[in-house]
Amino acid sequence: MRRPISFQTKLFITFSLLVTMIIAIAFSVFYWYYQKVNVETIIRTYRGEAASITQQLDNSLYTMDRLVMQIKYNPTIANTFFYMPYQENAESYFENNLEAAYKMRELITSIVGLDPQIFNRVSIVSRSGAFFGTGAYYDKARASKQARESPWFNQLSSKSEYRLLLPPHKDDWDLASNREVISVIRKLGEDLTPNTLVEIQLPAEYLDKISSSGQTGSKQVMMISRTGEWIFPRNPILTERLEPHRQAYMQNSAASPSLPSGNEFAWIDMPDGSRDLLIYQHAPYSDWTVMIAEPEQELLAPTRQAGYIFSVTAFLIILLTLLTLYFSTKRLLKPLRQLRDTMNQVHLDAIPDMRESKLFRGVELQNTHNELHHLYQSFRKMLERLEESKEQSIEARSRELSSHFAALQAQINPHFLYNTLSLIGALGYETGNSSINQLSTMLVGMFRYITYAGGQPVTLREEIRHTLNYLNIMKIRYEDHLDFVIDVDERLLEQALPKITLQPFVENCFKHGFANINYPWKITITGYERDQRQFIEIRDDGCGFSESYLVDFAEQAAEVASGTFTFYSPTSRAQKESGAGTINTYARLYYHFGGRVCLELLNGEDQGAIVRIGWWKGT
């Protein structure tokens, strides 16, 4: 058999679970908020890094383009290449005219201030074969031939293009070095020299330089063109691993064309089941997109470390709290255990005063706020009332037995009355008097309806049947002097209401309404629906209600609504005039339906009284 759990153990377990749950939820919410804030901070930081790289890239390309524009609009350079097609041996013009070559070099150097650490080479190329370049070494013979074979030469020579930005590519003028450069190319002049182009090169290593600040640990910086081609990194193995990031960006760009113009982020599902954070920033001048990606696992590593610290801290706090709870409950419940031991020794005739005096020695019960001391005082008072309770219990038992006897006696009396009425009906039938037989049958039905089923609600159909028995009895008495009509909508007949609701109002018609009125008399009972409410009306052609009665009834109806009404206390004019049946019936209706019932007492336009009972449909 399982040993019952003590109150102290139950209290300790309950508070332990409660404290553990509160601390666990508090730390979980705090950790979730900390992680959320940390991720938002990282996203803001990476956005700043992406914006910085984008700005450096655009600034460099913009500077290159401005330098090309200065070369383009320099009159000496423009005139030299304008007349170049008319020169003999145009391909070797600068080799044969060293002074012109020297002057051209000085002009370009003064404009560009060529620094191999910043720009790689400035080149001017003509379809005639003339080629001039400054900066890094180049193969002059190959450059002259390569100029007319380069695909971008024909592309930019057309009038539809005005500027060309070439992503990292092999240096067209020095293929042997296998070096990659970024080129900005423009036409020299407008329509005058459409076959002459100016190119300025930027070493592709510049992308490594500006991206180095963003590439730490597992974080990777990427650049792609608007069409989705890789610009950085240039390692095919690395770009293959980063392909999911490019595809995710291209999908987002296709779904929302406005995204490339802003600074956005997304979580990328990787093939191995992990996730990467992707930040992308569009560079408006180059029309390239800078992306920064880092695996979620590495991104949240500091957050997880903080989570471990939170978990250990929460565990220590919970452990310390549980220890405090255990010793606190043990100490606080010690007087309660002593009081329990004292109560276990209590007998009806003997109270252990000695144990109690030790337990609460020196305690002034009137001046203490200790609930256990007040519990002891209540315990003492309970013992003092215990003897009185014994005598009251014996007396109550005696009254209960008397009530049972009276109930059995009351149950016998109606049966005697039913049998007597049935015997009278049988005698009437034997003597040929059908009226006596009908009257006895209707009286038996009325008494049976009144005495059986206690105070349970009945249906309107049963209530009308009972009222009809009463009216038929009165019809036998008054014969042709009484006429009545019952017309009730079938939809109301199953409505539940208290027993003996209609008959008291019909009885009042004879006791008060017809008291001073000559024959004939008429009573009408109607039932109908109107505006989602159901009504029963009892109407007679008697003397109607007096003004004093209506005033007193309104006062007592207010008492019913406020709960201060006492059943059948005929002290007012209204109760003396109606025998208290009307207000008592209304009280029973109010307690059954609540405030959703109304009882209206009206006088007819010509004469007579109207009693209208209404309730909401479906009540």
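The structure reproduced in this document is the subject of the present report.

What counts and what doesn't
Residues numbered from 1 in each chain as written. Predicted model: local features only at pLDDT ≥ 70, side-chain atom pairs only at ≥ 80, totals over all residues. Heavy atoms only, no water. Axes fitted to C-alpha atoms, helices over the stretch in contact; angles between N-to-C directions. Helix = DSSP H or I, 4+ residues; strand = E, 2+ residues; numbered from the N terminus. Parallel < 35°, antiparallel > 145°, perpendicular 65-115°, else oblique. Left-handed = near helix turned anticlockwise from the far one by under 90°. Contact = heavy atoms within 4.5 Å. Nonpolar A, V, L, I, M, F, W, Y, C, P; charged D, E, K, R; others polar. Phe/Tyr/Trp six-rings, centres within 6.5 Å; stacked < 30°, edge-to-face > 60°. Buried < 20%, exposed > 50% of the residue type's maximum accessible area, 1.4 Å probe, protein only. Salt bridge = Lys/Arg side-chain N within 4 Å of Asp/Glu carboxyl O. Pairing = 2+ DSSP bridges. Patch = residues over 30% accessible without salt bridge, like charges linked within 9 Å, V, L, I, M, F, W, Y side chains within 5 Å. Areas by Shrake-Rupley, 256 points an atom, 1.4 Å probe, with all protein chains shown as cover. Core = buried A, V, L, I, M, F, W, Y, C linked by side-chain atoms within 4.5 Å.

**Brief notes about the packing of helix α16 (residues 460-478) against helix α17 (residues 503-513)**
Then, number 1: Relative to each other, α16 and α17 sit at 20 degrees, their axes nearing to 9 Å. Between α16 and α17, the interaxial angle falls into the category roughly parallel. Note on packing geometry: the crossing formed by α16 with α17 is right-handed. Across from E463, H466, T467, Y470, L471, M474 and Y478 in α16, the residues of α17 making contact are Q503, V506, E507 and F510.
Then, number 2: Of the residues that constitute the contact of α16 with α17, the class distribution is 6 nonpolar, 3 polar and 2 charged.

**A closer look at the environment of F27**
Then, number 1: Inspection of the secondary structure puts F27 in helix α1 (residues 7-72).
Then, number 2: Residues F27 and G307, 280 residues apart in the sequence, show an inter-C-alpha distance of 9.2 Å.
Then, number 3: Excluding residues that lie within four positions of it along the chain, F27 makes contacts with F310, T313, A314 and I317.

**Digging into the packing of aromatic side chains**
Then, number 1: Scanning the entire structure with this criterion turns up 26 aromatic pairs.
Then, number 2: Ring geometry for Y478 against F510: centres 5.9 Å apart, planes inclined by 5 degrees, an arrangement best described as stacked. Of the two residues, Y478 is situated in helix α16 and F510 in helix α17; the sequence distance between them amounts to 32 residues.
Then, number 3: In this structure Y478 comes out as buried when scored by relative accessible area, which is 14%.
Then, number 4: With a relative accessible area of 12%, F510 lands in the buried category.

**Remarks on the pattern of salt bridges**
Then, number 1: This model, assessed by the stated rule, comprises 18 salt bridges.
Then, number 2: For E537, the salt bridge identified is with R539, shortest N-O distance 3.4 Å.
Then, number 3: Through salt bridges that share partners, D65, R66, R163 and R186 make up one connected network.

**A look at the environment of I23**
Then, number 1: Position of I23 relative to the elements: it lies in helix α1.
Then, number 2: Taking the C-alpha atoms as reference, I23 lies 8.2 Å from I317; in sequence the two are 294 residues apart.
Then, number 3: Each residue touching I23, except ones within four places of it in the same chain, is listed here: A314, I317, I318 and T321.

**Side note on the sheet that holds strand β1 (residues 121-126)**
Then, number 1: Ordered by their spatial adjacency, 5 strands build an open sheet running β2-β1-β5-β4-β3, and the pairing between neighbours is antiparallel. Lying at the two open borders of the sheet, with one neighbouring strand each, are β2 (131-135) and β3 (163-170). Ignoring strand direction, the axes of neighbouring strands in this sheet form an average angle of 20 degrees.
Then, number 2: As judged from the 5 bridges shared by β1 and strand β5 (residues 196-203), these two strands associate in the antiparallel manner. Each bridged residue has a counterpart across the sheet, and for V125 the counterpart in β5 is L197.

**Digging into the packing of α1 against helix α11 (residues 301-332)**
Then, number 1: Close contact between α1 and α11 brings their axes to 9 Å; oriented N to C, the two are set at 160 degrees. Between α1 and α11, the angle falls in the class roughly antiparallel. Between α1 and α11 lies a crossing whose hand is right-handed.
Then, number 2: Tallied by class, residues from the contact of α1 with α11 come to 17 nonpolar, 10 polar and 2 charged.

**A closer look at a nonpolar patch on the surface**
Then, number 1: A contiguous nonpolar surface patch, about 880 Å² in accessible area, is contributed by F15, L18, M21, I22, I25, V29, W32, Y33 and V37.
Then, number 2: Mapped onto the fold, W32 is located in helix α1.
Then, number 3: The exposure class of W32 is exposed, given its relative accessible area of 54%.

**Let's talk about the pairing of strand β14 (residues 521-530)**
A regular strand places its side chains so that they alternate between the two faces of the sheet.
Then, number 1: Where strand β12 (residues 482-488) lies against β14, 7 bridges are found, and the strand directions are parallel. From the neighbouring strand, V488 faces β14, where its bridge partner is G527.
Then, number 2: As paired elements, β14 and strand β15 (residues 533-540) share 8 bridges and run antiparallel to each other. Paired with E529 across the bridge in β15 is Q534.

**Regarding the sheet that holds strand β17 (residues 609-616)**
Then, number 1: Judged by pairing direction, the sheet is mixed, and its 5 strands sit side by side in the order β12-β14-β15-β17-β16 without closing on themselves. The open sheet has two free edges, formed respectively by β12 and β16 (597-603), since each of these has just one partner strand. Between one strand axis and the next, the sheet turns through 10 degrees on average, direction left out of account.
Then, number 2: Across 7 bridges, the pairing between β16 and β17 is antiparallel.

**Describing the side chain of S225**
Then, number 1: Mapped onto the secondary structure, S225 falls in strand β6 (residues 220-225).
Then, number 2: Aside from chain neighbours lying at most four places away, what touches S225 is I231, D287 and W288.

**Notes on the nonpolar core**
Then, number 1: With 50 residues, the main nonpolar core has I71, I77, F81, I108, V112, I200 and M223 as its most contacted residues.
Then, number 2: Take this core: its biggest share by element is 12 residues, from α1.
Then, number 3: Among residues more than four places away in sequence, those in contact with I71 are I77, I108, I111, V112, V122, I124, L188 and V198.

**So, unusual backbone geometry**
Then, number 1: In this model, F232 is joined to P233 through a cis peptide bond whose omega is 0 degrees.
Then, number 2: The phi torsion at E479 lies on the positive side, around 50 degrees, for a residue other than glycine.
Then, number 3: Residue class for E479 comes out exposed when judged on its relative accessible area of 53%.
Then, number 4: One non-glycine residue, I500, lies in positive phi territory at about 60 degrees.
Then, number 5: If you trace the backbone, I500 turns up in the loop between β13 (496-497) and α17.

The values are spatial; any link to function lies outside them.
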